[in-house]
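Chain by chain, the residues:
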2 protein chains.
Amino acid sequence: MDRALADIKVLDFTHLLQGPFATQMLGDLGADVIKVERKGSGDSYRAWTFLKYWVGGTESPCYMAFNRNKRSLALDLKSQEAKEIIYKLVEECDIVVENFRPGVMAKLGFGYEDLKKINPSIIYCSSTGYGQDGPYVNRPGQDLMIQALSGLTTLTGRKDAPPIPLGTGIADQLGAYNIVYGLLSSLYYREKTGKGQKLEINLYQCLLTHQLQEFAVTLNSGKLFERPQSGIAHPGQSAPFGIYQTADGYMCISVNPIPLLAEVLGDEGLIEYDNPDTLYDKRDEVFFRIQASVVKQTTAYWVEKMLEKDMWVSEVKNHLEVETDPQAVHLDAFTSYSHPTAGEVRTVNIPVKFSETPGDIRSHPPLIGEHNEEILRGLGYSEDAINVMKQDGVI
Amino acid sequence: MDRALADIKVLDFTHLLQGPFATQMLGDLGADVIKVERKGSGDSYRAWTFLKYWVGGTESPCYMAFNRNKRSLALDLKSQEAKEIIYKLVEECDIVVENFRPGVMAKLGFGYEDLKKINPSIIYCSSTGYGQDGPYVNRPGQDLMIQALSGLTTLTGRKDAPPIPLGTGIADQLGAYNIVYGLLSSLYYREKTGKGQKLEINLYQCLLTHQLQEFAVTLNSGKLFERPQSGIAHPGQSAPFGIYQTADGYMCISVNPIPLLAEVLGDEGLIEYDNPDTLYDKRDEVFFRIQASVVKQTTAYWVEKMLEKDMWVSEVKNHLEVETDPQAVHLDAFTSYSHPTAGEVRTVNIPVKFSETPGDIRSHPPLIGEHNEEILRGLGYSEDAINVMKQDGVI
């Protein structure tokens with residue numbers, strides 16, 4: 001089997017979630033990703049965690065999630081020697097990705113204009129919170145703030161209660177996918193024409209794009225979405241679309257014909273609401289009426305009964321239940337790799353199945369500077385030169 | 001300026017959100033996307049809406065959001081003539097994308113094995129809810145159910161309250177990005193080797209991948225996340241990370257040093273909590289203490305005061321406020337196109353900025369079968385032959 005990006009070299013100046021996730025996706029398909037970190041503490045995501053939990057007692061689950069299939073080169077980025085090393089790497093790499101604030105890379109001598117002189121066909125991607133300029137250029141651009149500024153938080157939760165952000169790094173992740181979209185299309189274009197280019201991505205516009213259909217309403221109608229008073233799952237949607245409490249947990253009832261729902265629930269009165277306008281205008285009333293029936297039986301009872309009729313329903317599962325879900329097991333959705341200090345580490349497997357170029361996990365998320373010597377030797381530095389750099393604190 | 005995918009032809013059998021968003025991303029970069037629809041009602045997303053609103057009185061905002069830069073060919077897909085047309089199109093296209101349930105395309109004679117015989121270098125992508133086989137193969141796979149089954153809903157909202165799904169089509173959208181990731185990397189590989197391939201994507205694994213860092217915790221520690229009792233924005237995160245009520249609305253306070261926050265809020269007592277363990281264990285208590293200060297002043301007051309100190313904060317905006325946000329205006333984040341029946345339609349602009357191959361909106365979301373004759377003529381069908389197909393109900 002081949003790897004789709006086996007001949008691609010990526011010089012990766014990214015940190016935190018967005019950039020590292022993007023370069024991990026390239027690494028998963030075979031690209032050689034060199035993660036450039038500052039000497040000492042490295043990627044600041046290495047110090048970030050959830051639930052006060054550290055994998056193997058020492059490693060950040062957040063860092064571990066987004067840095068497999070990379071090699072780490074830890075440098076004093078402000079030293080002259082580091083600059084020479086970077087410039088040598090640029091000569092032989094295809095892609096540079098960075099997610100510093102605007103201007104930081106240029107100040108270090110690693111801006112697009114600098115690197116293009118060394119390698120004219122380079123594809124160079126910068127990602128920021130809000131773009132390279134404009135009134136927010138100096139604002140910090142972390143995921144939660146982008147959720148708040150983009151309108152997204154106003155779509156989730158209940159009317160008269162505060163807006164609720166999603167409990168994942170959604171802006172960062174969409175930023176990562178847009179980086180990949182930009183880079184892979186540029187790679188194809190370069191293959192055809194020999195031309196490199198500069199890409200700019202910002203989390204803010206990625207999260208606006210995520211709301212294409214919600215903005216299609218508001219931009220053209222002037223109408224704002226109003227969060228429901230009930231468990232209706234989208235503020236523009238009609239009943240029954242939502243999460244319902246059962247006798248032993250929760251279940252999801254998506255879009256379904258009301259007569260069918262009435263029949264299964266044994267509540268023929270529901271049919272009175274079976275009109276598109278009513279199902280929107282009285283969605284909370286319909287929700288609570290359905291809820292009153294659903295709570296009488298278990299999730300398993302309803303899911304089985306409704307799936308028999310090909311209705312759009314499912315259980316609501318937590319992460320431990322997902323781990324043993326028969327479909328997750330069938331798909332090999334989880335896998336593991338070994339890590340030098342944390343031992344065997346479990347993770348989510350690559351989601352895309354390629355018949356000719358399957359992705360694979362070839363290496364663990366690197367320790368800080370784990371590949372310093374290997375990478376420097378590859379550039380032709382002698383053992384002596386490497387030792388001098390160690391003594392001088394360059395690496 | 002060139003377009004990155006100008007020479008790429010996509011035969012697009014997708015409907016609803018995920019597939020159409022993926023092929024729109026290809027169209028935005030210049031690909032010729034032929035949207036194959038069933039004659040009559042077409043893509044079922046044309047009948048889907050929010051807030052009972054129709055753009056220009058007739059068009060679905062949901063359909064409109066994900067179908068620009070495409071041409072529509074509406075056929076009786078079960079007719080022999082339609083099969084011939086599709087096979088002719090396959091000869092000259094690069095990519096086929098479909099998101100029917102498993103087996104539907106093969107039954108129509110349009111499976112990968114069928115089309116590969118006609119065009120061996122075709123890249124063929126199938127996307128489903130849960131994969132092409134396994135215990136859930138016959139389950140319906142709509143976005144909300146995938147959110148519920150993937151664990152995602154348990155991350156959002158409050159303890160002791162029901163799990164809350166995100167009010168957007170997040171599984172579908174991540175599915176779309178994974179389709180693009182698979183297709184563009186396959187396109188690059190084909191350019192190098194001449195080989196096509198088959199890709200399989202499912203919404204379920206895309207949404208598991210979205211939770212890479214949350215699963216890094218649960219898979220390795222066995223611990224589940226617990227939703228907070230307060231406005232803390234991620235169930236694994238410490239205070240102050242959350243959405244807070246101000247005197248006139250809401251604001252977001254992301255990760256910030258507690259001493260700085262104590263100083264700005266004028267609450268020196270906060271410093272007692274400034275310890276990583278305490279900020280997690282007593283996160284709800286810290287949240288409510290900060291909340292008590294924040295509610296005394298307006299959003300503008302706090303955001304200005306905190307941004308002066310480079311703190312990670314922002315306003316919480318709704319979609320109308322986003323529309324006039326100075327950064328959105330600066331970035332040209334919104335744009336418009338004209339549509340034959342709906343007139344001037346506003347939409348979100350392409351988020352990725354390419355120096356050499358900028359994306360553009362060249363055409364409106366097509367009416368059903370709008371390009372039937374143009375496409376058939378392009379395949380060499382005579383006017384007479386086209387008229388016969390009209391009379392026979394093929395188109």
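Structural notes, computed from the coordinates. (Residues numbered from 1 in each chain as written. Chains lettered and ligands numbered in written order. Predicted model: local features only at pLDDT ≥ 70, side-chain atom pairs only at ≥ 80, totals over all residues. Heavy atoms only, no water.)

Another aspect to go through is the relation of the copies chain B and chain A. Laying chain B over chain A is done by rotating through 180° and shifting 0.0 Å along the axis; what remains is an RMSD of 0.0 Å. These values place the two chain copies in the arrangement generated by a two-fold rotation axis. Here 100% of the contact residues of chain B are again contact residues in chain A; the copies associate through an equivalent surface. (Least-squares fit on C-alpha atoms with pLDDT ≥ 70 in both. Contact = heavy atoms within 4.5 Å.)

Residues and elements named next belong to chain B. Judged by side-chain charge, Asp-76, Glu-81, Glu-84 and Asp-392 come together as a negatively charged surface patch. With respect to the helices, strands and loops of the structure, Glu-84 is situated in helix α3 (residues 80–92). Overall, the relative accessible area of 42% leaves Glu-84 in the partly exposed class. (Patch = residues over 30% accessible without salt bridge, like charges linked within 9 Å, V, L, I, M, F, W, Y side chains within 5 Å. Areas by Shrake-Rupley, 256 points an atom, 1.4 Å probe, with all protein chains shown as cover. Salt bridge = Lys/Arg side-chain N within 4 Å of Asp/Glu carboxyl O. Lys, Arg positive; Asp, Glu negative; His and termini not counted. Charge placed at Lys NZ, Arg CZ, Asp CG, Glu CD. Helix = DSSP H or I, 4+ residues; strand = E, 2+ residues; numbered from the N terminus. Buried < 20%, exposed > 50% of the residue type's maximum accessible area, 1.4 Å probe, protein only.)

On to helix α10 (residues 258–265) of chain B. Residue and element names in this part refer to chain B. Regarding α10, the residues found buried are Ile-258, Leu-261, Ala-262, Val-264 and Leu-265. At its buried positions, α10 is contacted by β8 (250–253), α11 (276–281), α12 (283–294) and α13 (299–307). Two residues or fewer past α10, Gly-266 is found with a positive phi of approximately 70°.

In this section: the packing of helix α10 (residues 258–265) of chain A against helix α13 (residues 299–307) of chain A. All names here are of chain A. In the contact formed by α10 and α13, the axes pass within 11 Å of each other and the chain directions differ by 130°. By the angle class used here, α10 and α13 are oblique. Note that α10 runs across α13; the crossing there is right-handed. Mapping the contact onto sequence places Leu-261, Val-264 and Leu-265 in α10 and Trp-302, Lys-305 and Met-306 in α13. For the contact of α10 with α13, the per-class residue count stands at five nonpolar, no polar and one charged. (Axes fitted to C-alpha atoms, helices over the stretch in contact; angles between N-to-C directions. Parallel < 35°, antiparallel > 145°, perpendicular 65-115°, else oblique. Left-handed = near helix turned anticlockwise from the far one by under 90°. Nonpolar A, V, L, I, M, F, W, Y, C, P; charged D, E, K, R; others polar.)

A few words now on the pairing of strand β5 (residues 123–128) of chain A. Residues and elements named next belong to chain A. Taking burial as the measure, the six residues of β5 include six buried ones, the bulk of the element. Judged by which residues are buried, β5 turns out to be covered on both faces: Ile-123, Cys-125 and Ser-127 on one side and Tyr-124, Ser-126 and Thr-128 on the other are all buried. As paired elements, strand β4 (residues 95–98) and β5 share four bridges and run parallel to each other. If you follow Val-97 over to β5, its bridge partner there is Cys-125. Of the pairings in the sheet, the one linking β5 to strand β6 (residues 197–202) comprises six bridges and is parallel in character. Pairing of Thr-128 across the sheet is with Asn-202, part of β6. (Pairing = 2+ DSSP bridges.)

What follows covers the side chain of Thr299(A). Residues and elements named next belong to chain A. Along the polypeptide, Thr-299 turns up in helix α13. Taking relative accessible area as the criterion, Thr-299 reaches 10% and is therefore assigned buried. At a separation of 2.7 Å, a polar atom in the side chain of Thr-299 contacts the side chain of Thr-246. At 3.5 Å, the side chain of Thr-299 and the backbone oxygen of Tyr-250 are in polar contact. The contacts of Thr-299, once residues within four sequence positions are left out, are Thr-246, Asp-248, Gly-249, Tyr-250, Met-251 and Glu-315. (Polar contact = N/O pair within 3.5 Å; in protein donor to acceptor, adjacent residues only side chain to side chain.)

Moving on, we get to the nonpolar core. Within soluble globular proteins, side chains that are nonpolar generally end up buried alongside one another. One finds Leu5(A) and Leu5(B) to be the most contacted residues of the largest nonpolar core, which totals 158 residues. Residue contributions to this core reach at least three from each of two domains, namely domain 1 (9–210 + 328–391) and domain 2 (242–316) of chain B. In this view, Leu5(A) contacts Leu26(A), Leu29(A), Gly30(A), Ala31(A), Leu184(A), Leu187(A) and Tyr188(B); residues no more than four positions away in its chain are not counted. (Core = buried A, V, L, I, M, F, W, Y, C linked by side-chain atoms within 4.5 Å. Domains from an automatic or database assignment.)

Residues and elements named next belong to chain B. Orientation of helix α1 (residues 18–28) relative to helix α7 (residues 170–193), taken along the N-to-C sense of each, is 45°, at an axis distance of 8 Å. In terms of axis orientation, α1 runs oblique to α7. When you trace α1 past α7, the crossing you get is right-handed. From α1, Gln-18, Gly-19, Phe-21, Ala-22, Met-25 and Leu-26 reach across to α7, where they touch Asp-172, Gln-173, Gly-175, Ala-176, Tyr-177, Ile-179, Val-180, Leu-183 and Leu-184. Looking at side-chain class alone, the contact of α1 with α7 contains 10 nonpolar, four polar and one charged residues.

To continue, consider α1(B). Residue and element names in this part refer to chain B. When you tally the buried positions in α1, you get 11 out of 11 residues, the bulk of the element. Where α1 is concerned, the buried positions are Gln-18, Gly-19, Pro-20, Phe-21, Ala-22, Thr-23, Gln-24, Met-25, Leu-26, Gly-27 and Asp-28. Positive backbone phi, approximately 110°, marks Gly-30, located one or two places after α1.

Further remarks concern the environment of Gln211(B). You can see Gln211(B) is positioned in the loop between α8 (203–209) and α9 (212–221). Sequence-wise, Gln211(B) and Ser150(B) are 61 residues apart; in three dimensions their C-alpha atoms are separated by 8.8 Å. Among all residues touching Gln211(B), those that are not within four sequence positions of it are Thr168(A), His319(A), Ser150(B), Gly151(B), Leu152(B) and Leu155(B).

It is worth spelling out the packing of aromatic side chains at this point. By convention here, two paired aromatic rings are described through the distance between centres and the angle between planes. Counting across every chain of the model gives 27 aromatic pairs over all chains. Between Tyr301(A) and Trp302(A), the aromatic rings sit 5.1 Å apart at their centres with planes inclined by 80°, giving edge-to-face as the arrangement. Using a relative accessible area of 33% as the deciding quantity, one classes Tyr301(A) as partly exposed. Aromatic side chains Phe287(B) and Phe288(B) sit 5.4 Å apart centroid to centroid with 85° between the ring planes, which places their arrangement in the edge-to-face category. According to the relative accessible area criterion, Phe288(B) is partly exposed, its value standing at 44%. Among the aromatic residues, ring-to-ring pairing joins Phe21(A), Phe66(A), Tyr177(A), Phe21(B), Phe66(B) and Tyr177(B) into one connected group. A cation over an aromatic ring shows up here: Arg46(A) above the ring of Tyr63(A), its NZ or CZ 4.0 Å from the ring centre. (Phe/Tyr/Trp six-rings, centres within 6.5 Å; stacked < 30°, edge-to-face > 60°. Lys NZ or Arg CZ within 6 Å of the ring centre and 35° of its normal.)

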